[in-house]
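For reference, the chains in residue letters:
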Amino acid sequence: MAPAAAAPSAAKSGKDTNFKDKEKSGSVRSSNIVAAKAVADAVRTSLGPRGMDKMIQSGNGDVTITNDGATILNQMSVIHPTAKMLVELSKAQDIEAGDGTTTVVVIAGALLDAAQKLLVKGIHPTAISESFQRAAAQAEIILQNMATPIDLANDEQLVKLATTSLNSKVVSQHSWLLAPMAVNAVKKVLDESRPDNVDLKAIKIIKKMGDTVEESEMIDGALIDQKTMGRGGPTRVEKAKIALIQFQLSAPKTDMENQVIISDYAQMDRALKEERQYLLDLCKQIKKSGCNVLLIQKSILRDAVSELSLHFLAKMKIMVVKDIERDDIEFYSNILGCRPIASVDHMVAESLGSADLVEEISTGGDGKVIKVTGIQSSGPAVSILLRGSNKLVLEEADRSLHDALCVIRCLVKKRFLLPGGGAPEMEVACKLREKANERGGAEQYCWRAFADALELVPYTLAENAGLSPIHTVTELRSQHANGHSNYGVNVRKGFVTDMKEENVVQPLLVSHNAIKQASECVRSILKIDDIV
């Protein structure tokens, strides 16, 4: 009798533990969702042209003012592991598309919110996750259908795209200057052999304090962010022959551990004489190759140039620029059309690049840069000189210009346009709702939730612009239901208009990637049921 009585109690206790386990995974999931949503809400207010900026103070007291989603999340010290996933998400969007870093986090936050409501209804996380994946795939098809192809030769259209990207930035009032600059820079570095990609490393942006953003310019030539060494050498050279050397013009040193002990002055004299002769020979060989502008790579172990060699070079009327960073060697050899020279024996006329003029220009204060113009055999590379009245504006101008360059790069990768202003998200939401009716069971709920979540983008745009979000989104929904797929939230006029006519356009790749990456991130968060 006793064992039989024991059995139900054992079963009961088993049931209890089972129930507790379920409860635990539920609480882990909800804490994950809450943490990730907190991050999404933090950047939500900075979405769109009327979005607010964030001031971020780092541990060492540096202050950054920005509304670039990736920068904000990067600088925030996020501790929760799930919240870190959203930071990674915006980084991924920044690398892949360059723009839409705030959008992608907002969409991910909205999808998590939707997922939480579905979990409360008792739908299994795996079912939600798979439905979201199918809905995201469908969303990509919808976006592709509403996109219009673009011709890269149409500069006017490209400038509109860059302007849309700059509109939400602090420097939006200078978009008339920065947008065409971004378009021209990308066109200059387009490689004919690889027509569907752009290497943004070939665009060098040099930031200099002083003046206003309006004084920024794209230089048809190269800029070197260093001063000439002076010492009586020329600061302006016409018909320049430029050498980029990777060896040092200073006396050889012994190894770290070793010493040379000199016992009398005759040896001392000989050592000095040798050193002088060694340097003179080096300088003569450089002069013999016909070089009159010398760029020297930064050296770690010993001085790149010594006073003596500078004196010789100045007498030979050779302009010297030292401390060229290792990472920039490839850029300069591309743009100046010269080969990096690793030893003085390779110093031949063929390795030199030639330019009409190399001069040192002052950029206000004690800042100077070297400008090389009239380069004969320049490769695909371009330099931009950015100016700004203070450090914060300058940093933000640099980030904004990077976003504009990325937008043009997106177009080169995928040559399609979408209307901006939350139109693509709204269109996808409307079409997904129609498609949801063809689905059965829980999937129908999930697709509807996915569609509702995407509406948060136009909702936030309206909210940030101080419009009534509910009224605006309802109006937008009815326009899209009537087939006006280009309608979006017009922040300037304060109601819903056709975005194509307002010239608010964005590349397909940005929205395409945002929805794809956000849904993938949400799926991986839903799959987590325990933190160990």
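We now turn to the structure provided with this report. The numbers attached to residues start from 1 for each chain and follow its sequence in the written order. In keeping with the predicted nature of the model, local features appear solely for residues at pLDDT of at least 70, side-chain atom pairs appear and are counted solely at 80 or more, and the whole-chain, interface and lining totals rest on all residues. Side-chain figures throughout are based on the complete set of non-hydrogen atoms in the structure, without hydrogens or water.

1. Notes on the layout of surface pockets
Move 1: Computed from the structure, the largest pocket encloses a volume of approximately 740 Å³.
Move 2: Computed over the protein atoms alone on a 1 Å grid, cavities are sets of points where a 1.4 Å probe fits but cannot get out and pockets are open sets with protein on both sides within 12 Å along at least five of seven lines; a residue lines them when it has an atom within 4 Å of a point. Looking at the largest pocket, it is lined by 40 residues, and the ones nearest its centre are G48, P49, T164, S168 and L461.
Move 3: Strands here mean DSSP runs of E at least two residues long; helices mean DSSP runs of H or I at least four residues long; both are numbered from the N terminus. Only α4 (101-120), α6 (155-167), α11 (391-413), α14 (456-464), β15 (487-490), β17 (505-507) and α16 (508-527) provide two or more residues apiece to the lining of the largest pocket.
Move 4: Amino acids are sorted into nonpolar (Ala, Val, Leu, Ile, Met, Phe, Trp, Tyr, Cys and Pro), charged (Asp, Glu, Lys and Arg) and polar (every other residue, Gly among them). For the lining of the largest pocket, a count of residues per class yields 14 nonpolar, 18 polar and 8 charged.
Move 5: Taken as a whole, the second largest pocket holds about 550 Å³ of empty space.
Move 6: As for the second largest pocket, its lining consists of 22 residues, of which L200, K201, A202, I203 and F331 are closest to the centre.
Move 7: Those elements that provide at least two residues to the lining of the second largest pocket are β4 (203-209), α10 (329-336) and α11.
Move 8: The residue makeup of the lining of the second largest pocket, split by class, is 10 nonpolar, 3 polar and 9 charged. Grid points are joined across faces, edges and corners, and a volume is the space filled by probe spheres set on the points.

2. Focus on helix α13 (residues 442-454)
Move 1: Compared with the 18 Å implied by 1.5 Å per residue over 13 residues, the 19 Å span of α13 between its first and last C-alpha is a close match.
Move 2: The rule is simple: take the accessible area with a 1.4 Å probe, protein chains only, and divide by the maximum for that residue type; under 20% is buried, over 50% is exposed, in between is partly exposed. Taken as a whole, α13 has its buried residues at E443, C446, W447, A449, F450, A451, A453 and L454.
Move 3: The contact criterion used throughout is that any non-hydrogen atoms of two residues lie within 4.5 Å. Those residues of α13 that are buried are in contact with α4, α5 (125-146), α12 (423-436), α14 and α16. Given a helix with a known number of residues, its expected span is that number minus one, times 1.5 Å.

3. Some remarks on a nonpolar patch on the surface
Move 1: Excluding any residue in a salt bridge, patches collect residues exceeding 30% relative accessible area, merging like charges within 9 Å and nonpolar Val, Leu, Ile, Met, Phe, Trp and Tyr side chains within 5 Å. For the accessible areas, the method is Shrake-Rupley and the probe is 1.4 Å, while residue cover comes only from the protein chains on display. Think of a salt bridge as a Lys or Arg side-chain nitrogen and an Asp or Glu carboxyl oxygen that are within 4 Å of each other. A cluster of nonpolar side chains, contributed by V260, I262, Y265, M268 and L272, occupies part of the molecular surface with about 560 Å² of accessible area.
Move 2: Among the secondary structure elements, I262 is positioned in the loop between β7 (236-245) and α8 (265-288).

4. Some points on the packing of α6 against helix α7 (residues 175-188)
Move 1: In this analysis an axis means a line fitted to C-alpha atoms, helices contributing only their contacting stretch, and an angle means the value between N-to-C directions, from 0 to 180 degrees. Packing of α6 against α7 brings their axes to within 8 Å, and their N-to-C directions diverge by 120°. By the angle between their axes, α6 is oblique relative to α7. Read as a crossing pair, α6 and α7 show a hand that is right-handed. For the pair α6 and α7, the contacting residues are D155, L158, V159, A162, T163 and L166 in the first and S175, L178, A179, P180, V183 and K187 in the second.
Move 2: In the contact of α6 with α7, the residues fall into 8 nonpolar, 2 polar and 2 charged. Angle categories are assigned with fixed cut-offs, so that under 35 degrees is roughly parallel, over 145 is roughly antiparallel, 65 to 115 is roughly perpendicular, and the rest are oblique. Note: crossing handedness is left-handed where the near helix turns anticlockwise from the far helix by less than a right angle, and right-handed where it turns clockwise.

5. Some words on the pairing of strand β2 (residues 63-66)
Move 1: Because side chains alternate across β2, one face comprises the buried residues T64 and T66, and the other comprises V63 and I65, none of which is buried.
Move 2: Judged from the 4 bridges that link them, strand β1 (residues 54-57) and β2 form a sheet pairing that is antiparallel. By the bridge assignment, I56 is partnered in β2 with T64.
Move 3: Only strands that DSSP links by at least two bridges are regarded as paired with each other. Connecting the antiparallel pair β1 and β2 is a turn made up of 5 residues, with G61 showing a positive phi of about 90°.

6. Section: the side chain of Q506
Move 1: Along the chain, Q506 turns up in strand β17.
Move 2: Any pair of nitrogen or oxygen atoms within 3.5 Å is treated as a polar contact; in protein, a donor-acceptor pairing is required on top of that, and neighbouring residues in sequence qualify only through side-chain atoms on both sides. A distance of 2.5 Å separates polar atoms of two side chains, one belonging to Q506 and the other to S511.
Move 3: If near-sequence neighbours (up to four positions away) are discounted, Q506 is found in contact with L161, F416, L417, L418, P419, G420, P424 and S511.

7. Focus on the packing of aromatic side chains
Move 1: Here the aromatic set is Phe, Tyr and Trp, taking the six-membered ring for Trp, and pairing holds for ring centres within 6.5 Å; pairs whose planes are under 30 degrees apart are stacked, those over 60 apart are edge-to-face, and all others are tilted. As enumerated under the stated definition, the model contains 2 aromatic pairs in all.
Move 2: Taking 5.4 Å as the distance between ring centres and 65° as the angle between the ring planes, the aromatic pair formed by F132 and F450 counts as edge-to-face. One end of the pair, F132, is in helix α5; the other, F450, is in helix α13, with 318 residues separating them in the sequence. Grouping residues by exposure puts F132 and F450 together as buried.
Move 3: Each ring, one from F331 and one from Y332, has its centre 5.3 Å from the other, and the planes form 65°; the classification is edge-to-face.
Move 4: F331 gets classed as buried once you look at its relative accessible area, which sits at 7%.
Move 5: Given a relative accessible area of 2%, Y332 falls into the buried group.

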